[in-house]
Amino acid sequence: MNEQFLTSEQRYASAVYTVVTKYLNERLSNSNDEIKKDPSKDVEIKAYGALAHKLPILIRTSGLAQALAFVKARNVINVDDEDKTQQDKNAKHNPKKARNRLINDLTKVLQNKHIAIIPINTKEKDLSSLAIQATFDEYIQLTEACMEALLWFKRFATSELGVEQGDEVEGE
């Protein structure tokens with residue numbers, strides 16, 4: 001199908017599907033048979049999917065900049081604590097890494113040439129910084145674009161990753 005005739009929903013769906021399946025394939029390539037049968041048993045996949053379900057709610061209640069700042073603060077790996085940092089680096093299952101990946105994937109979707117809410121040549125690549133520095137009109141547009149993309153992240157979290165709304169990562 002000619003790309004100029006795609007609806008915005010089709011563009012978002014295609015861009016999100018691409019990043020979600022890429023993430024899933026990366027995770028499954030080094031997984032055991034049990035995880036390959038049910039990807040939602042992987043801690044990182046579950047964390048990625050759970051955030052896909054929660055982030056739209058956070059954005060609606062707190063606003064885009066505040067929601068992204070919350071996610072960013074919650075997922076910082078503390079470099080002062082050497083033992084924990086070493087464990088996080090060596091951990092096969094790191095939910096913080098997965099949640100950061102979702103934010104990075106969301107940014108990639110918004111930079112997709114068919115969506116182009118964030119220009120590819122933008123110097124600032126951090127979505128939370130872009131939200132903070134945006135003018136009012138840009139902030140509204142960025143928020144709406146994030147919500148549209150996150151709708152597809154939620155759908156693919158359920159259909160492709162097997163993560164339902166309410167699924168939580170144990171111990172967090």
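Above this text you will find the structure in question.
Notes on the structure follow. The structure displayed is predicted, hence computed values, not measured ones. (Residues numbered from 1 in each chain as written. Predicted model: local features only at pLDDT ≥ 70, side-chain atom pairs only at ≥ 80, totals over all residues. Heavy atoms only, no water.)

1. Here's the deal with the side chain of Thr107
Selection rule: A run of DSSP states H or I qualifies as a helix once it reaches four residues; a run of E qualifies as a strand once it reaches two. Both are numbered from the N-terminal end. Per-residue accessibility, obtained with a 1.4 Å probe over protein chains only, is compared with the maximum for each type, and a residue is labelled buried under 20%, exposed over 50%, and partly exposed between these values. Residue contacts are counted whenever heavy atoms from the two residues lie within 4.5 Å of one another.
Relative to the elements of secondary structure, Thr107 occurs in helix α6 (residues 95-111). Take Thr107: its relative accessible area is 6%, and that puts it in the buried class. Not counting residues within four places of it along the chain, the set of residues in contact with Thr107 comprises Ile118, Lys125 and Leu127.

2. What about the packing of helix α1 (residues 8-29) against helix α3 (residues 43-62)?
As a reminder, the rule being used: Simply put, an axis is a line fit to the C-alpha atoms, just over the touching stretch for a helix, and the angle between two N-to-C directions goes from 0 to 180 degrees. Roughly parallel here means an angle under 35 degrees, roughly antiparallel means over 145, roughly perpendicular means 65 to 115, and every remaining angle is called oblique. By convention the crossing between two helices is left-handed if the near helix lies anticlockwise of the far one by an angle smaller than a right angle, and right-handed if it lies clockwise. In this classification, the charged set is Asp, Glu, Lys and Arg, the nonpolar set is Ala, Val, Leu, Ile, Met, Phe, Trp, Tyr, Cys and Pro, and all remaining amino acids, among them Gly, are polar.
One can describe the packing of α1 onto α3 by two numbers: an axis separation of 10 Å at closest approach and a directional angle of 160°. With respect to each other, α1 and α3 are oriented roughly antiparallel. Crossing of α1 over α3 shows right-handed handedness. Each of Val19, Val20, Tyr23, Leu24, Arg27 and Leu28 in α1 lies in contact with α3, whose residues at this interface are Glu44, Ile45 and Tyr48. Residue composition of the contact of α1 with α3, grouped by class: seven nonpolar, no polar and two charged.

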